[in-house]
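Listed below, chain by chain, are the residues.
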Amino acid sequence: MDISNLTIKETRRLLDSKELSTKELAKSCLKNIENKNKELNIFLEVYEDVIKQAILAQEIIDKGEAKYLTGIPLAIKDNILIKGKKASAASKILENYRATYTATAAQKLIDQSAIFIGRTNMDEFAMGSSTENSAFGVTKNPYDISRVAGGSSGGSAAAVAANMALGALGSDTGGSIREPASFCGVVGLKPTYGSVSRYGLMAMGSSLDVIGPIAKTVSDTEIIFNAIKGRDKMDSTSREGKKERLKEEKIKIGVPYHILDQEGISKEVRKNFDESIEKIKNLGFEIKDIKLPNMDKSLAVYYIIMPAEVSSNMARYDGIKYGLSVSDRDLLSVYKKTRGEGFGREVRRRIILGTYVLSSGYYDAYYGKAMMARKIISDEFRVAFDAVDAILTPTTPAPAWKIGEKSSPLENYLADIFTVTANIVGAPAISLPSGYAKIEDSLSAGLPLGIQLMASHMSEDILFEIGKKFLNE
Ligand code: GLN
């Protein structure tokens, strides 16, 4: 038996009944990393103290003090801080940076004595959807090594899919948890904005960013989410609570069919989506055709608001406070040289775009307008959630693409068409594996596909409820 193939739920039982030790489990993950990481480029670093963490977790289990995640090996995205450990956001500018404090979400897992195996590859500063923007090489899809694993949390999703960890933390600003989860055939949750503290997450777009879990099942995703959520005094946007639903009513799921009739959605995705709807109907849910007239503007809105926030968040990397510093004759030259050498092309592109949309002559035309559209889209969603409990779309318009295949930034941005809306409105959204696409020139018999469910703020529970039924958990 490949023990790293287990779910968190099964593993908990085996650890508690002493049929399995934390050391055996950790070693099995490490073995998979040893065998496959060179080829797949999932972990940027495997921590040297994994076995030590496993021994400490075992002591806690032996004392009968185990919590749900005690001894469970998890992976962490390279933009979430653990004190004393490196965190580079897959950027040259932070290549040897060591965190001086621990992110609240990570701390909550450490408090349960979960085991952090190592930090995973990603698009530089989370800007991308394929990890092709990592300064340390692309992560390959475990299903087909000629294809991307998705991004920006590509390493985290691939680590779970390749049995290198039982779960992982990612971050999601416009789809970075859901899209790689869908490409790698695993579950990914983007929680409600603010339901998980952002303290210790390297900021990309602060009004959009959220940390969330990736795992093999909905139940495992829920377990990690319950461990990391909650109000944190270190993040003033964080919040507590959950929305209850009247249990007796039949769950209604809205489908904005008009969005699906656009160009650019692959026939495999459309076919799988229609089949998924049938499956959902057969499970006893009600499907309703709904209209979200401005959802198709989300992508444009996102690619104005996000770079605006990026341009301001990236200002801290100046070669003085931390990370890379390229010395030169005066302070301004140090800034310029450090940022020029330290940031990759996509990061520089977004800083320039963001600075432009915020500049005095263009602010109203771009940023101001995008903020108005954000409000309109949010209002539309609020109205929609009065009529339905969840909204269903595919997670991505197509399955994982071939490495290097997309030649322009715009082609990459279009992959986010279904995912960005949840970030714009702050709603929770989950990607569920929904089957496989048979693609002729793929090295794999089938490439994973995913469907996305969104719900109203703080309604993660409804996503878990539908998700568990869908995956027959
Ligand atoms: N793919 C999107 C982007 O490139 C989303 C990234 C993210 O969620 N961090 O911005």
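Residues numbered from 1 in each chain as written. Predicted model: local features only at pLDDT ≥ 70, side-chain atom pairs only at ≥ 80, totals over all residues. Heavy atoms only, no water.

As recorded in an unreviewed UniProt entry, the protein goes by Glutamyl-tRNA(Gln) amidotransferase subunit A. Reading the Catalytic activity (unreviewed entry) entry of the UniProt record for the protein gives the comment "L-glutamyl-tRNA(Gln) + L-glutamine + ATP + H2O = L-glutaminyl-tRNA(Gln) + L-glutamate + ADP + phosphate + H(+)". (UniProt positions renumbered as here; feature names shortened; annotations may be inferred.)

> Help me understand the UniProt feature "active site" (unreviewed entry) in the protein in this model?
Using the residue numbers shown here, the UniProt feature "active site" (unreviewed entry) corresponds to Lys77, Ser152 and Ser176. The greatest C-alpha distance among the residues just named is 10.9 Å, despite their covering 100 residues of sequence, which places them together in space. With respect to the helices and strands, the residue lysine 77 is situated in strand S2 (residues 73-77). Not counting residues within four places of it along the chain, the set of residues in contact with lysine 77 comprises Thr120, Met122, Ala126, Ser152, Ser153, Ser156, Leu169, Gly170, Ser171 and Ser176. Among residues more than four places away in sequence, those in contact with serine 176 are Lys77, Ala126, Gly128, Gly151, Ser152, Ser153 and Ser171. A distance of 2.6 Å separates a polar atom in the side chain of serine 176 from a polar atom in the side chain of serine 152. (Helix = DSSP H or I, 4+ residues; strand = E, 2+ residues; numbered from the N terminus. Contact = heavy atoms within 4.5 Å. Polar contact = N/O pair within 3.5 Å; in protein donor to acceptor, adjacent residues only side chain to side chain.)

> How should the state of the cysteines be read in this particular structure?
What makes a disulfide is a covalent bond joining the sulfur atoms belonging to two cysteines. If you walk through the whole model with that rule in mind, you get 0 disulfides. Unpaired in this structure, cysteine 184 has its nearest cysteine sulfur neighbour in cysteine 29, at a distance of 16 Å. (Disulfide = S-S within 2.5 Å.)

> I keep staring at unusual backbone geometry and nothing clicks. Help me out?
What is expected of a backbone is that most residues other than glycine have negative phi and most peptide bonds are trans. Cis peptide bonds are those with omega within 30 degrees of zero, and the linkage from glycine 151 to serine 152 qualifies with 10°. Tracing the backbone shows serine 152 in the loop between strand S5 (144-148) and helix H5 (154-161). One non-glycine residue, alanine 90, lies in positive phi territory at about 50°. By the element assignment, alanine 90 lies in the loop between S2 and helix H4 (104-111).

> How should the side chain of serine 298 be read in this particular structure?
When you line up the elements, serine 298 lands in helix H10 (residues 298-313). We classify serine 298 as buried; its relative accessible area is 0%. A polar contact is formed between the side chain of serine 298 and the side chain of threonine 421, at a distance of 3.1 Å. Among residues more than four places away in sequence, those in contact with serine 298 are Ile377, Val420, Thr421 and Ile424. (Buried < 20%, exposed > 50% of the residue type's maximum accessible area, 1.4 Å probe, protein only.)

> Before we go on, may I ask you to explain the environment of glutamate 124 in this structure?
Among the structural elements, glutamate 124 can be located in the loop between strand S3 (115-120) and strand S4 (140-141). Through-space distance from the C-alpha of glutamate 124 to that of alanine 89 is 5.6 Å; in sequence the pair is 35 residues apart. Those residues in contact with glutamate 124 that lie beyond four places of it in its chain are Ala89, Ala90, Ser91, Asn133, Ser134, Gly342, Phe343, Gly344 and Val347.

> Please clarify how the packing of H10 against helix H13 (residues 364-387) should be interpreted in this entry.
The relative placement of two packed helices comes down to the angle between their axes together with the axis-to-axis distance. As a packed pair, H10 and H13 sit with axes 9 Å apart at the nearest point and diverge in direction by 125°. Classified by the interaxial angle, the pair formed by H10 and H13 is oblique. Considering only the axes of H10 and H13, their crossing is left-handed. For the pair H10 and H13, contact is made by Ser298, Val301, Ile304, Ile305, Ala308 and Glu309 and by Tyr366, Tyr367, Ala370, Met371, Ala373, Arg374 and Ile377, respectively. Residues of the contact of H10 with H13, tallied by class, amount to 10 nonpolar, 1 polar and 2 charged. (Axes fitted to C-alpha atoms, helices over the stretch in contact; angles between N-to-C directions. Parallel < 35°, antiparallel > 145°, perpendicular 65-115°, else oblique. Left-handed = near helix turned anticlockwise from the far one by under 90°. Nonpolar A, V, L, I, M, F, W, Y, C, P; charged D, E, K, R; others polar.)

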